[in-house]
Amino acid sequence: MHVALSVFALVHMTQYMFHIASVSAVAYFAFFGTIVGYNFVKYDGLARTKKSNMSIELKGIALLSFISFLAVGFYFFQLRFHTQAVAVGFLILTLVYTLPFFPNRKNARNWAGIKIYIVALCWVGVTLVLPLIDAEIPIGSVFFVKCIQRFILVFVLILIFEILDLANDDPHLQTVPQQIGIRRTKILGLLLLIPFYFLEFFKPDFEFIQLAVNLILIALVALSLLFANDSRSRYYTSFWVESIPVFWLLLLLFFDRF
């Protein structure tokens, strides 16, 4: 639910940035789709192995996922046809990420070094590409600037997760901290925040409110990255870090009132 709320907030950010008037079906499709996709990726294997002896918590997750699946179907049929086609494309990417389609092969989630790129790409697609396609916003330079910015933001946030998971991740995953170490991972993340901020100036009509909000955002992300380590509580990422997109939206809405 918390991850889905972050996705919901990023869809709203897209709608705000591109002046999409109403909360479209895409936002709810993304919210419920995230619950289904996240639970499928995280709990599918566990549910299949414990089919006959599922805990109350696992049954609750399965029920929530089923209700969310029905909601996803409802909002999917409210999308425009071309939006549906793109959404199916990202669904296939999620399935490739989760399920082993080839004999004696691991799923894409376990392919060395590729996990972070697939996840970041899916987030960009769902929170940025889908809302713009459904609103029939013309594809231009601003679209590509925002895609790069969104990819960088999600990439850096995932780096924080990978640092915290370093002690438990399979060495064969070849996550960024496993390859270059925690210190260099933090430096990489901090360096990526620089183009994230200055790309805003490449917009022909950049807004000073957005620049101010983005400055607060990168300061928050930078601090979260600097204080991340593999001995931190899971709540550090599963609550505070995942809240950053929500906080970003609230900041923008707050400053926009003045």
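Throughout what follows, the structure given in this document is the object of discussion. Here, residues in each chain are numbered from 1, in the same order as that chain's written sequence. In keeping with the predicted nature of the model, local features appear solely for residues at pLDDT of at least 70, side-chain atom pairs appear and are counted solely at 80 or more, and the whole-chain, interface and lining totals rest on all residues. Only hydrogens and water are set aside when side-chain values are computed; all heavy atoms of the structure are taken into account.

### As for the overall build of the protein chain
Numbering of helices and strands runs from the N terminus; a helix is a DSSP stretch of H or I covering at least four residues, while a strand is a stretch of E covering at least two. Looking only at helices and strands, the protein chain features 10 helices and zero strands. Listing each helix as α and each strand as β along the protein chain from the N terminus yields α-α-α-α-α-α-α-α-α-α. Residues are treated as being in contact if the distance between any of their heavy atoms lies within 4.5 Å. Across the protein chain, every contact between residues at least 6 apart in sequence was considered, and the portion connecting residues at least 24 apart equals 73%. Just so you have it, the protein chain exposes about 14,000 Å², and 69% of that area is on carbon and sulfur atoms. Computed with the Shrake-Rupley method and a 1.4 Å probe, the accessible areas treat only the protein chains shown as cover for residues.

### Quick word on the pattern of salt bridges
Criterion for a salt bridge: a side-chain nitrogen of Lys or Arg within 4 Å of a carboxyl oxygen of Asp or Glu. A complete count under the given rule lists three salt bridges for this structure. Note that lysine 146 is salt-bridged to glutamate 200, the shortest N-O span being 2.9 Å. Here the residue lysine 146 occupies a position in helix H6 (residues 141–164), and glutamate 200 occupies one in the loop between helix H7 (176–198) and helix H8 (208–226), the gap between them amounting to 54 residues. In this structure, lysine 146 and glutamate 200 share a single accessibility class: buried. Two residues, lysine 203 and glutamate 200, come together in a salt bridge whose shortest N-O distance is 3.3 Å. Exposure categories follow from relative accessible area, calculated using a 1.4 Å probe and restricted to protein chains: below 20% of the type maximum is buried, above 50% is exposed, and the middle band is partly exposed. Overall, glutamate 200 belongs to the buried group, its relative accessible area being 0%. Each member of the salt-bridge network shares a partner with another, and the members are Lys146, Glu200 and Lys203.

### Comments concerning unusual backbone geometry
At histidine 19, a position not held by glycine, the phi torsion is positive, near 55 degrees. Structurally, histidine 19 can be placed in the loop between helix H1 (2–17) and helix H2 (25–49). Backbone geometry at glutamate 136 places phi at a positive 55 degrees, although glycine is not the residue there.

### What to know about the packing of H6 against H8
Axes are the key here: two packed helices are described by the angle between their axes and the distance separating the axes. Simply put, an axis is a line fit to the C-alpha atoms, just over the touching stretch for a helix, and the angle between two N-to-C directions goes from 0 to 180 degrees. Axis separation between H6 and H8 bottoms out at 10 Å; the angle between their running directions is 20 degrees. Classified by the interaxial angle, the pair formed by H6 and H8 is roughly parallel. Between H6 and H8 the crossing geometry is left-handed. Residue-level inspection shows Gln149, Leu153, Val156, Leu157, Ile160 and Ile163 of H6 in contact with H8, the latter providing Asn214, Leu217, Val221, Ser224 and Leu225. Any angle from 65 to 115 degrees is called roughly perpendicular, while one under 35 is roughly parallel, one over 145 is roughly antiparallel, and all others are oblique. The handedness criterion is simple: a crossing whose near helix is rotated anticlockwise from the far helix by less than a right angle is left-handed, and one whose near helix is rotated clockwise is right-handed.

### Overview of helix H5 (residues 115–134)
To estimate how far a helix should extend, the number of its residues minus one is multiplied by 1.5 Å. For H5, spanning 20 residues, the distance from its first C-alpha to its last is 27 Å, which sits close to the expected 28 Å at 1.5 Å a residue. The angle between axes fitted to the seven residues ending at a residue and the seven residues starting there is what we call the bend at that residue. Considering bend angle alone, the principal kink of H5 is centred on glycine 125 and spans about 35 degrees. Positive phi shows up at glutamate 136, right after H5, with a value of about 55 degrees.

### Some remarks on the environment of phenylalanine 81
Among the structural elements, phenylalanine 81 can be located in helix H4 (residues 81–98). Taking the C-alpha atoms as reference, phenylalanine 81 lies 8.7 Å from aspartate 134; in sequence the two are 53 residues apart.

### Brief notes about the packing of H8 against helix H10 (residues 244–256)
Closest axis-to-axis distance for the H8/H10 pair is 10 Å, and the angle between their directions is 150 degrees. Taken as axis vectors, H8 and H10 run roughly antiparallel relative to one another. The crossing of H8 and H10 is right-handed. Contacts between H8 and H10 involve Ile209, Gln210, Val213, Asn214, Ile216, Leu217, Leu220, Val221 and Ser224 from the first element and Ile244, Phe247, Trp248, Leu251, Leu252, Phe255 and Asp256 from the second. Three classes are used, and their members are as follows: Ala, Val, Leu, Ile, Met, Phe, Trp, Tyr, Cys and Pro are nonpolar, Asp, Glu, Lys and Arg are charged, and the others, Gly among them, are polar. Tallied by class, residues from the contact of H8 with H10 come to 12 nonpolar, three polar and one charged.

### What to know about the environment of isoleucine 116
Here isoleucine 116 is to be found in helix H5. With a relative accessible area of 2%, isoleucine 116 lands in the buried category. In this view, isoleucine 116 contacts Phe155, Ile158, Leu159, Glu162 and Val176; residues no more than four positions away in its chain are not counted.

### Comments concerning the nonpolar core
Note on terminology: a nonpolar core comprises buried Ala, Val, Leu, Ile, Met, Phe, Trp, Tyr and Cys residues joined through side-chain atoms within 4.5 Å. Formed by 40 residues in total, the largest nonpolar core has its most connected members in Leu153, Leu157, Ile160, Phe196, Leu217, Val221 and Trp248. Where this core is concerned, the elements lending two or more residues are H1, H5, H6, H7, H8 and H10. Ignoring sequence-local partners within four residues, the contact set of leucine 153 consists of Phe196, Leu217, Val221 and Trp248. In terms of nonpolar packing, the next biggest core, distinct from the first, is built from nine residues, Phe29, Val72, Phe76 and Leu130 among them.

### Remarks on the side chain of glutamine 210
Tracing the backbone through its elements, the reader meets glutamine 210 in helix H8. Once residues within four sequence positions are removed from consideration, glutamine 210 is found in contact with Met13, Met17, Glu200, Trp248 and Leu252.

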